[in-house]
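Examination of the molecular architecture
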Amino acid sequence: MALLACFQLLLARHCDSTDVAVGTPIANRTHMASEHVVGTLVNTVVMRTDLAGDPSFVELLGRVRETALQAYAHQDLPFEALVEALAVPRSDGSAPLVQVLFNVLNTPAMDSRIEGLVYEPFEFDTGSSQFDLALSIDTQLFGRAQLSFSTEVFEPATGQRLLDSFMALVDQVLADPQRPLSAFELIGAADRQALADWNATPLDVPTPALVHAQIRQQAQRTPDRPALRCGEVLLSHAELQARALQLARALRSRGVARGGLVGLCLPRSADMVVAQLAVLASGAAYVPLDPAYPSDRLAYMAHDAALALVIGDAELATVLDWPAERTLRLDLDAAFIAAQSGAELSPDAQLDARPDDPAYVIYTSGSTGRPKGVVLPHSAVVNFLASMAREPGLSASDVLVAVTTLSFDIAVLELLLPLTVGAQVVLARRDETTDGSALRALLEATQATVMQATPSTWRMLIDAGWQGRDGFKALIGGEGLPPDLARQLIARAGPDGSLWNLYGPTETTVWSTVWEVASPERGIRIGKPIANTQVHVLDARGKPCPIGVAGEIFIGGAGVALGYLHRPELTAERFVPDPFIAHTLNDTSAHEPTRAAPRLYRTGDRGRWCNDGRLEHLGRLDFQVKVRGHRIELGEIEAALASHAQVARAVVIVREDRPGDVRLVAYVVPQGEMPTPAALREHLRGTLPEYMLPQHVLPITEVPLLPNGKMDRQALPVPDGGAGAVTLRSLAAQDTPQTPVEVAIAQVWQELLGCGPVARSDNFFDLGGHSLLAMRAVGQMESQAGIQVDLRRLVHESLAQISATAPAALPVPADAHAAAPGPATATAPATVPVPAPSAVPPIGGLKRVLRSVRELIGG
């Protein structure tokens, strides 16, 4: 019982569970009649123990004793009968009820010694394992413990660590059995040393630790090399630096300096990069304001940051209502800016930024319904850039295509890293970032050698027929890396190229770990910490988890942000003191929030260290999600939905009912009459960017609950179009696709969206489409049916409107007309009205159209 209690404690800590069931064999010879029967009557009994409440080991032993005695009393109940009575689902992958066996070999040893002979244990490999894990302890003959395991589940190093941890735990229990379970340590000295070695990541950071200073020094070394290309604009490093310094002087003349925050509300152009560098050179920090975001969201961010100035262009007034005296227009003020000198600014201790001053503030989705600003200092950014230059690596000969919005922090790598090493940035325009064919053409025309993107963007590029080139370096992050995509990218990078998986939250400066992907079939990792960065996997007590054991990922070191802007309570909650570093830092920051001592950022991500010293990401501990690379707090969408007068309660989840097709689904309990999905999406567009809009909005009468009162997310219905969804919709005869073009388009939409029958009045986005699926739809409509359609038309036009002006399709199969409407067995009455002809898009107002188009093409 004592040994079983130790084993169950070991399993509970490794599995992060307080309900542990272990099987154990028992003789099952409780009847006189079986005493002399030859053969095995051994039965398996299940020892299920509750370890909740952090009892002492003595208390746990009492619980185990009670369970064991009850099990002994019923040992003659066949295990198979128990499985049958409980109706346990059978699986080829694991044993029913228990996957772990515990066996104490306590049969008294008979004295069979023969004089002159010595005997010892005979070691042999059985070649198979009945259970995933089995611990046998011989307490009589040799006093040994032996662990066997399935090699499909565990590696040999993991098995050895489990056995070592068990033996160490027994020693601790014997020394002090009155200690609470949480006080026992499972990690030994060897593992502690390994973790320390994996977190030893020293690198001398360039000085001064100021982003603009590093870029200026590189411009002085390679002034004539191309630095930035966008469309027809090509600037050398010296020209880019001179233009940035001109604008920086203009900013200084407007009172912008150290401690100030400047908004950047500009389209993707060379001017955007110039403005980014100018703000840094002025001593201030920049705050990205993507013009594609809703005006209300931009206004909230600008006021929350208390921006000293906003840099914009002619379109600024249409997206952000901001005082003219706190605005710098690059078009209206062009003459004033051009009149400034492009020489270096004279040093000024009061106006110039210092290493611990903010370089930028990025607003991320907030769980309370409002975005929050993350403040990143110069020193953190310089450390990040220096580490990235070393690994994955970037040199002066590289050409990097930048595809990410400035409001997504990974743009820091794309725009600033090349400028610190003398490489060239090719800034893709917004229409190129959302069109796979255009992006492919840009990569090929510029002979790009490096690109960083989310998995969704890489898939879009591959779908467009991109074949890569030898020596190409692909950087991927922002979402989980699917193995199949990894294999495709490795093939396109060629023998001399590489694929790098990157991980890191905004709060620790873009990326915190890197991993060169070589064999994705052996598992996907997020790698090891970058320079001057430490990653800790901690349990609920804040103690390091043993290698191979899952816990929460905490990140410390040079990349940790200053905190959340004007949010000290949230900063204190997410940025905690670093217990692994004793010394303190000098506080030289004049900007709120400040940091006086090393801190760890608790990511909310679940992960573990693997035996090879690489980290594995295992999902979220909360409801924050990543959708097409964007970090989203589902609570923010729920709060926006709840602000609608006709919504009593809203729940938003992420579904991936079809592999690779991640969708946001909103479930709404209405207050009275259910508003239409189109009306709710229009309501959300007032405050949320397009990437946060749910693809499906489903009415429900109540939120399903589990017995413990928590929401049962598994019980939420599958939306129409998800895998396993039952579609009973039938179409009115006049709304069924009629022409070959309509039928061909409907087939493509059905295939991509996984939906039921498509009506002539349907819109691609209203059926559950999103921007990346729209790219694929355009490509497949052209490749499969010879129909060329402008992407923008999918945003607001119906199938009938698109097909009316689309070029003739390729010959359509004879059975296409029958296939397009959907299941022939549907018997529900026609419910889809035929819209009256109108010049106004039938599925939403012009305001919705303009916002959607702006999101897709930036126009």
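Residues numbered from 1 in each chain as written. Predicted model: local features only at pLDDT ≥ 70, side-chain atom pairs only at ≥ 80, totals over all residues. Heavy atoms only, no water.

**Considerations on the overall build of the protein chain**
In terms of regular secondary structure, the protein chain is built from 26 helices and 31 strands. Carbon together with sulfur atoms contributes 54% to the accessible area of the protein chain, which is approximately 37,900 Å² in total. (Helix = DSSP H or I, 4+ residues; strand = E, 2+ residues; numbered from the N terminus. Areas by Shrake-Rupley, 256 points an atom, 1.4 Å probe, with all protein chains shown as cover.)

**So, the packing of helix 19 (residues 634–642) against helix 20 (residues 677–684)**
At their nearest, the axes of helix 19 and helix 20 sit 9 Å apart, and the two run at 110 degrees to each other. In terms of orientation, helix 19 lies roughly perpendicular with respect to helix 20. For the element pair helix 19 and helix 20, the recorded crossing hand is right-handed. Across the interface between the two elements, Ile637, Ala640 and Leu641 of helix 19 pack against Leu680, His683 and Leu684 of helix 20. Split into classes, the residues belonging to the contact of helix 19 with helix 20 amount to 5 nonpolar, 1 polar and no charged. (Axes fitted to C-alpha atoms, helices over the stretch in contact; angles between N-to-C directions. Parallel < 35°, antiparallel > 145°, perpendicular 65-115°, else oblique. Left-handed = near helix turned anticlockwise from the far one by under 90°. Contact = heavy atoms within 4.5 Å. Nonpolar A, V, L, I, M, F, W, Y, C, P; charged D, E, K, R; others polar.)

**Brief notes about the packing of helix 15 (residues 436–446) against helix 16 (residues 455–463)**
Between helix 15 and helix 16, whose axes approach to 8 Å, the crossing angle comes to 85 degrees. Between helix 15 and helix 16, the angle falls in the class roughly perpendicular. The residues of helix 16 that touch helix 15, namely those facing Gly436, Leu439, Arg440 and Leu443, are Thr457, Met460 and Leu461. For the contact of helix 15 with helix 16, the residue count by class is 4 nonpolar, 2 polar and 1 charged.

**Description of the nonpolar core**
Counting 77 residues, the largest nonpolar core has Leu247, Ile311, Tyr360, Phe384 and Leu415 as the members making the most contacts within it. The element that contributes the greatest number of residues to this core is helix 8 (residues 270–282), accounting for 10 residues. With residues up to four places along the chain from it excluded, the contact list for Leu247 reads Val274, Ala275, Ala278, Leu328, Leu330 and Ile337. The next biggest cluster of nonpolar side chains, apart from the first, holds 56 residues, and it includes Ile476, Leu752, Met781 and Ile802. (Core = buried A, V, L, I, M, F, W, Y, C linked by side-chain atoms within 4.5 Å. Buried < 20%, exposed > 50% of the residue type's maximum accessible area, 1.4 Å probe, protein only.)

**What to know about the sheet that holds strand 14 (residues 399–402)**
Ordered in space as 7-6-15-14-16-17-18-19-20, the 9 strands form an open sheet in which the pairing is mixed. The two strands at the open ends of the sheet, each matched to only one other strand, are strand 7 (233–236) and strand 20 (528–529). As judged from the 4 bridges shared by strand 16 (residues 450–453) and strand 17 (residues 473–477), these two strands associate in the parallel manner. Counterpart to Val450 in the pairing with strand 17 is Lys473. (Pairing = 2+ DSSP bridges.)

**Re the packing of aromatic side chains**
Overall, the coordinates contain 14 aromatic pairs when judged by the stated rule. Ring centres of Phe575 and Tyr601 lie 5.1 Å apart, and the angle between their planes is 45 degrees; on these two criteria the pair is classed as tilted. On the criterion of sequence distance, the pair formed by Phe575 in strand 24 (residues 575–577) and Tyr601 in strand 25 (residues 599–609) is long-range, its members being 26 residues apart. Tyr601 sits in the buried class, given a relative accessible area of 3%. Positioned over the ring face of Phe184 is Arg179, at 4.8 Å from the centre of the ring. (Phe/Tyr/Trp six-rings, centres within 6.5 Å; stacked < 30°, edge-to-face > 60°. Lys NZ or Arg CZ within 6 Å of the ring centre and 35° of its normal.)

**Observations concerning helix 17 (residues 483–493)**
When helix 17 is considered as a whole, its buried residues turn out to be Leu485, Ala486, Leu489, Arg492 and Ala493. For helix 17, the angular spread of the buried residues around the axis is 130 degrees, confining them to a single face. Looking one or two residues beyond helix 17, the residue adopting positive phi is Gly494, at roughly 80 degrees. (Arc of directions from axis to C-beta.)

**A closer look at the pairing of strand 14**
Residues Val399 and Val401 point to one face of strand 14 and Leu400 and Ala402 to the other, with burial holding for every one of them. Direction of pairing for strand 14 relative to strand 15 (residues 424–427): parallel, over a ladder of 4 bridges. Residue pairing for strand 15: Ala402 is matched across the bridge by Leu427. Considered for its hand, the β-α-β crossover made up of strand 14, helix 13 (residues 411–421) and strand 15 is right-handed. Bridging between strand 14 and strand 16 involves 2 bridges; their strand directions are parallel. (Right-handed = clockwise from strand over helix to strand, strands pointing away.)

**Some points on the side chain of Arg268**
Counting through the fold element by element, Arg268 comes out in the loop between strand 8 (261–264) and helix 8. Buried charge without a salt bridge: Arg268, with Glu414 as the nearest opposite-charge side chain at an N-O distance of 5.0 Å. Only 2.6 Å separates the side chain of Arg268 from the backbone oxygen of Thr404, close enough to count as a polar contact. One polar contact links the side chain of Arg268 to the main-chain carbonyl oxygen of Ala428, over a distance of 2.7 Å. Contacts of Arg268, omitting those with residues within four sequence positions, involve Cys230, Ala402, Val403, Thr404, Thr405, Leu406, Leu427, Ala428, Arg429, Arg430 and Thr433. (Lys, Arg positive; Asp, Glu negative; His and termini not counted. Salt bridge = Lys/Arg side-chain N within 4 Å of Asp/Glu carboxyl O. Polar contact = N/O pair within 3.5 Å; in protein donor to acceptor, adjacent residues only side chain to side chain.)

**Things to note about unusual backbone geometry**
The linkage connecting Thr207 with the following residue, Pro208, adopts the cis geometry, with an omega of -5 degrees. Counting through the fold element by element, Pro208 comes out in the loop between helix 5 (189–198) and helix 6 (211–221). In this model, Glu391 is joined to Pro392 through a cis peptide bond whose omega is 15 degrees. Structurally, Pro392 can be placed in helix 12 (residues 378–393). Positive phi, close to 55 degrees, is recorded for Asn532, a residue that is not glycine. Inspection of the secondary structure assignment puts Asn532 in the loop between strand 20 and strand 21 (533–538). The class for Asn532 is buried, based on a relative accessible area of 18%. The phi torsion at His566 lies on the positive side, around 55 degrees, for a residue other than glycine. Among the secondary structure elements, His566 is positioned in the loop between strand 23 (563–564) and helix 18 (568–574).

**Here's the deal with a nonpolar patch on the surface**
Among the surface-exposed residues, Met1, Leu69 and Tyr72 lie close enough to one another that they form a single nonpolar patch of about 250 Å² accessible area. Tracing the sequence through the fold places Met1 in the segment before helix 1 (2–15). (Patch = residues over 30% accessible without salt bridge, like charges linked within 9 Å, V, L, I, M, F, W, Y side chains within 5 Å.)

**What to know about the pattern of salt bridges**
Considering all chains together, one arrives at 20 salt bridges under this definition. Among the ionic pairs, Arg243 bridges to Asp271, the shortest N-O distance being 2.7 Å. Of this pair, Arg243 sits in helix 7 (residues 237–253) while Asp271 sits in helix 8, and the two are 28 residues apart along the sequence. Residue class for Arg243 comes out partly exposed when judged on its relative accessible area of 29%. Among the residues examined, Asp271 registers a relative accessible area of 32% and is labelled partly exposed.

**Brief notes about the confidence of the model for the protein chain**
Scored by pLDDT, the protein chain has a mean of 85; 87% of the residues are at 70 or more. Predicted confidence for residues 583–592 stays below pLDDT 50, and this span has 30 contacts to residues more than four positions away or in other chains. In the model, residues 722–730 has pLDDT below 50 throughout and makes 24 contacts with residues more than four positions away in sequence or in other chains. (pLDDT = per-residue confidence, 0-100.)

**Let's talk about the environment of Leu772**
Among the structural elements, Leu772 can be located in helix 22 (residues 771–785). Among the residues examined, Leu772 registers a relative accessible area of 15% and is labelled buried. C-alpha separation for the pair Leu772 and Thr457, spaced 315 residues apart in sequence, amounts to 7.6 Å.

**Comments concerning helix 22**
With 15 residues, helix 22 extends 21 Å from end C-alpha to end C-alpha; this agrees with the ideal 21 Å at 1.5 Å per step. Among all positions in helix 22, only Leu772, Leu773, Ala774, Met775, Ala777, Val778, Gln780, Met781 and Ala785 are buried. One or two residues past the end of helix 22 sits Gly786, with phi positive at roughly 70 degrees. (Expected span 1.5 Å × (residues − 1).)

**Examining the environment of Phe131**
Residue position: Phe131 is located in the loop between strand 3 (100–105) and strand 4 (133–138). Among the residues examined, Phe131 registers a relative accessible area of 10% and is labelled buried. Sequence spacing of Phe131 and Gln99 is 32 residues, and the spatial spacing of their C-alpha atoms is 5.4 Å. Sequence-distant contacts of Phe131, that is, excluding residues within four places in its chain, are made with Ala95, Val98, Gln99, Val100, Leu101 and Ser150.

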